[in-house]
2 protein chains.
Amino acid sequence: MRTVNQYNLTEAVKESFQTEEGSRFKFLLETFIDHLHDYTREVNLTHDEWMGMLNFLYDCGKISTPERHEYILLSDVLGLSALVDMLNTRGGATEGSNLGPFYLDDAPEMKLGADLSQDRDGATVLVHGRVTDILHKPIPGAIVDTWQADGSGTYPIQEQEQGQDKYDLRGKFTTDENGEYYYTTVLPKPYTVPYDGPVGQLLRAGNRHAWRAAHLHYIVRAPGMRDITTEVFFENTEYLDNDAVFGVRKSLIAKVEPVKKSDKLEYHLEKQPDAKFKFDFVLAPEG
Amino acid sequence: MRTVNQYNLTEAVKESFQTEEGSRFKFLLETFIDHLHDYTREVNLTHDEWMGMLNFLYDCGKISTPERHEYILLSDVLGLSALVDMLNTRGGATEGSNLGPFYLDDAPEMKLGADLSQDRDGATVLVHGRVTDILHKPIPGAIVDTWQADGSGTYPIQEQEQGQDKYDLRGKFTTDENGEYYYTTVLPKPYTVPYDGPVGQLLRAGNRHAWRAAHLHYIVRAPGMRDITTEVFFENTEYLDNDAVFGVRKSLIAKVEPVKKSDKLEYHLEKQPDAKFKFDFVLAPEG
């Protein structure tokens, strides 16, 4: 190609990459270039707008640290993370939702019936349910890895400087011979995503709030099955309809019910709960 | 909206931004969200690919400094910068091309006929031409602001630690009563864009080189006219057909011709040139 012009530029850019014919990389790259150029043409982007967008990305980099990934947050508030979760949910399996920034892969292993709340303020809730395959067959020995905010909407990992243990309010449970898991914990409260950076500026420019509906995080694993990363929400709580990161799915909302003193619970529990809810996880086979 | 799903997500994200009806911001944002989601659906993006892309942006942030804007470089190698330049070129005016990272807005004012080369290695070339409006009417008093690499492909600003003056090989000329500008300088050589960062990795993954065709940079300004930011290239030189940042346009290629000792040049010059070329700039009215 002699030189580029408005009509051959997009093809020239795609051809400049000598990628393997039929490869996934080629497909991802070429489709990206098409959309990037189509967008630019469609809005007839000015130099100032172009520079503003590149400076926005630059500013996201400046505030990012190994503990704070502003681009994931950007992906979250633009619904990209939610869309990727949706596209990668297998038919019949539990719907996926945001991993979020606070996962630790070395949470302590806990016994079924253990209490995660450790005298924190807030209602103690029994969380229980089964892990099954898509044919509803229970999966014994599945790992239910959970982490959550406390009754004030804070993750202990965020308050290590105030003396909190980052491993608090998290744990890995192993399902019993019936595929069941059960433990008690404190009900989490809503919290805001970080809005002191460029993504916060974007939210403000769009008159959007930064609140997330209260939720528990889960990764559920079992041999031969595809992992599930998801969140569980609670009926009749705030921000279900306008979660800042579009994490709520109808199938992920659990109903919390009170536990009366007279209720005989079927589990051996470390701590007597005030309320309970049930949530079953369904795993699809790997591959 | 109760909760989001694959079918209402894109609309939900757009609706979450309470932007002014009919505003440019609303249009830019909504069109961006559409393309971002369409791309993600079209390629059926996996979690690993999604994370890889966000980490790529994160890594661009880590290598960026006020002197190195890796996102501009990314925009350059993806042809986005070239496309924005093309979309913003006015009919009849000189085509725009990359600003690049080395512009200084306080280059020294120089007299017509001055020499920028200062005994540097390489051929001395007379650069001359006219600045006119789109009706070919000369514009006296127009500012021709130029900067360039030397005969080894290096900008003095890149070698300040080796004792070079960052204001070398740059200057602002003012056109005379005939709209003419003229000066001598050294012919620049090709050089590579920085490829030690994430964008370099992308180029390597696509088996692309990082070379730019040799060029002179210009910003041309005149009262009541729209500024032009562009580059001038030279016929029969390397990388014209595959400039790493897609900066070359047919209309921006000048023909360099030898100057014989016997040639009588029409200008009063500080230094006798070995070669010469002519390039006219055409400015469109503002607004």
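Residues numbered from 1 in each chain as written. Chains lettered and ligands numbered in written order. Predicted model: local features only at pLDDT ≥ 70, side-chain atom pairs only at ≥ 80, totals over all residues. Heavy atoms only, no water.

## Quick look at the UniProt feature "domain: Intradiol ring-cleavage dioxygenases" (unreviewed entry) in chain A
Note the threshold: UniProt positions are given in the numbering used here, feature names are shortened, and annotations may be inferred rather than shown by experiment. A run of H or I in DSSP counts as a helix once it spans at least four residues, and a run of E counts as a strand once it spans at least two, with each numbered from the N terminus.
Using the residue numbers shown here, the UniProt feature "domain: Intradiol ring-cleavage dioxygenases" (unreviewed entry) corresponds to residues 100–284 of chain A. Across residues 100–284 of chain A one finds 4% helix and 30% strand; the C-alpha atoms that close the span lie 22 Å apart.

## Focus: the relation of the copies chain B and chain A
Formally: Here the copies were fitted onto each other by least squares, based on C-alpha atoms from residues at pLDDT of at least 70 in both. Should any heavy atoms of two residues lie within 4.5 Å, those residues are counted as being in contact.
In the superposition of chain B on chain A (RMSD 0.0 Å, axial shift 0.0 Å), the rotation amounts to 180°. The superposition operator between the copies reduces to a two-fold rotation axis. Distance from the rotation axis, computed per C-alpha, reaches its smallest value in chain B at G61(B): 1.9 Å. Both copies share a contact surface, since 100% of the interface residues of chain B are interface residues in chain A too.

## Regarding the pairing of strand β4 (residues 180–186) of chain A
Worth spelling out the cut-off: In this scheme, a residue with accessible area under 20% of its type's maximum is buried, one over 50% is exposed, and one in between is partly exposed, where area comes from a 1.4 Å probe on protein chains only.
Taken across its seven residues, β4(A) has seven buried, putting it largely inside the fold. Neither face of β4(A) is exposed, since E180(A), Y182(A), T184(A) and V186(A) on one face and Y181(A), Y183(A) and T185(A) on the opposite face are all buried.

## So, the pairing of strand β2 (residues 143–148) of chain B
All names here are of chain B. What counts here: Paired strands are those between which DSSP finds at least two bridges.
Of all six residues making up β2, five are buried, and the element is well covered by its neighbours. Sheet topology note: the β2/strand β3 (residues 170–174) ladder contains five bridges and is antiparallel. Across the sheet, the residue bridging to T146 is G171, located in β3. As judged from the six bridges shared by β2 and strand β7 (residues 216–221), these two strands associate in the antiparallel manner. Within the sheet, the bridge partner assigned to Q148 lies in β7 and is L216.

## A word on the nonpolar core
Basically, it comes down to this: Working definition of a nonpolar core: buried Ala, Val, Leu, Ile, Met, Phe, Trp, Tyr and Cys residues. They are joined through side-chain atoms within 4.5 Å.
Judged by nonpolar contacts, the single largest core of 73 residues is most densely connected at L9(A), Y71(A), L78(A), L9(B), Y71(B) and L78(B). Setting aside chain neighbours within four positions, we find L9(B) in contact with G79(A), A82(A), L83(A), M86(A), F246(A), V4(B) and H37(B).

## Topic: helix α6 (residues 198–205) of chain B
If you check which residues of α6(B) are buried, you get P198(B), V199(B), G200(B), L202(B) and L203(B). Buried residues belonging to α6(B) abut α2 (24–43) of chain A together with α3 (47–63) and α4 (70–77) of chain B.

## A few points about the interface of chain B and chain A
Note the following rule: By buried area we mean the combined loss of accessible area, with a 1.4 Å probe, across both parts when two parts are placed together. One speaks of a salt bridge when a side-chain nitrogen belonging to Lys or Arg is within 4 Å of a carboxyl oxygen belonging to Asp or Glu. Contacts described as polar in this section are N or O atom pairs within 3.5 Å, which, within protein, must combine one atom able to donate a hydrogen with one able to accept it, while residues neighboring in sequence count only if both atoms come from side chains.
Of the residues lining the interface, 75 residues belong to chain B; the matching set on chain A comes to 75 residues. A combined buried area of about 7000 Å² lies between chain B and chain A, and 66% of that area is made up of carbon and sulfur atoms. At the boundary of chain B with chain A, the tally comes to two salt bridges. With a shortest N-O distance of 2.7 Å, E49(A) and R24(B) are connected by a salt bridge. Linking chain B with chain A are 34 residue pairs in polar contact (both at pLDDT 80 or more), by the criterion used here. Secondary-structure elements contributing two or more residues to the side of chain B that touches chain A are α1 (9–16), α2 (24–43), α3, α4, α5 (80–87) and α6 of chain B. At 17 residues, the largest contribution of residues to the side of chain B that touches chain A is made by α2(B).

## Digging into the packing of α2(A) against α5(B)
A pair of packed helices is captured by two measures, namely the crossing angle of their axes and the spacing between those axes. Rules: Angles shown run from 0 to 180 degrees and are taken between the N-to-C directions of axes, each axis being a line fitted to C-alpha atoms and, for helices, limited to the stretch in contact. Under this scheme an angle from 65 to 115 degrees is roughly perpendicular, one under 35 degrees roughly parallel, and one over 145 degrees roughly antiparallel; angles in between are oblique. Left-handed is the label given to a crossing in which the near helix is rotated counterclockwise from the far helix by less than a right angle, and right-handed is the label when the rotation is clockwise.
It is the contact of α2(A) with α5(B), at a shortest axis distance of 10 Å, that shows an interaxial angle of 20°. With respect to each other, α2(A) and α5(B) are oriented roughly parallel. Our pair here, α2(A) against α5(B), has a crossing hand that is right-handed. Contacts between α2(A) and α5(B) involve L36(A), H37(A), T40(A) and R41(A) from the first element and L80(B), L83(B), V84(B) and L87(B) from the second.

## Thoughts on the sheet that holds β7(B)
Pairing is mixed in the open sheet, where five strands are placed in the order β3-β2-β7-β8-β9 (chain B). Lying at the two open borders of the sheet, with one neighbouring strand each, are β3 and β9 (253–254) of chain B.

## Regarding the side chain of D133(A)
All names here are of chain A. Summarising the element assignment, D133 is placed in strand β1 (residues 124–133). A polar contact is formed between the side chain of D133 and the backbone nitrogen of L135, at a distance of 2.9 Å. Sequence-distant contacts of D133, that is, excluding residues within four places in its chain, are made with I139, M225, V282 and L283.

## Quick look at the domain arrangement of chain A
For clarity, the threshold we go by: For every domain, the bounds stem from an assignment made automatically or drawn from a database.
What the domain assignment reports for chain A is domain 1 (1–45) and domain 2 (80–283). The C-alpha centroid of domain 2 of chain A is placed 42 Å from the C-alpha centroid of domain 1 of chain A.

## Concerning the UniProt feature "domain: Catechol dioxygenase N-terminal" (unreviewed entry) in chain A
As annotated by UniProt and renumbered to match this structure, "domain: Catechol dioxygenase N-terminal" (unreviewed entry) occupies residues 24–90 of chain A. Within residues 24–90 of chain A, the helical portion is 79% and the strand portion 0%, while the C-alpha atoms at the span's ends are 21 Å from each other.

## Describing the packing of aromatic side chains
Aromatic rings in a pair are described by how distant their centres are and how their planes are angled relative to each other. Filter applied, for reference: Stacked, edge-to-face and tilted are the three classes for Phe, Tyr and Trp ring pairs, Trp counted by its six-membered ring, which pair at centre distances within 6.5 Å; planes under 30 degrees apart are stacked, over 60 edge-to-face, the rest tilted.
Counted according to the given criterion, the structure contains 24 aromatic pairs over all chains. When the ring of Y182(B) is compared with that of Y267(B), the centres are 4.2 Å apart and the planes differ by 20°; the resulting orientation is stacked. Here Y182(B) is found in strand β4 (residues 180–186), whereas its partner Y267(B) is found in the loop between β10 (257–258) and β11 (275–278), with 85 residues between them in sequence. As far as the burial class goes, Y182(B) and Y267(B) line up, both buried. Put simply, the rings of F173(A), Y181(A), Y183(A), Y218(A), F279(A) and F281(A) touch in pairs and so form one group of aromatic residues.

## Regarding the sheet that holds strand β7 (residues 216–221) of chain A
Residue and element names in this part refer to chain A. Reading across the sheet, the five strands line up as β3-β2-β7-β8-β9 and stay open at both edges, with mixed pairing between neighbours. Lying at the two open borders of the sheet, with one neighbouring strand each, are β3 (170–174) and β9 (253–254). Note: β7 against strand β8 (residues 228–234), five bridges, orientation antiparallel. The residue of β8 that forms the bridge with I219 is T229.

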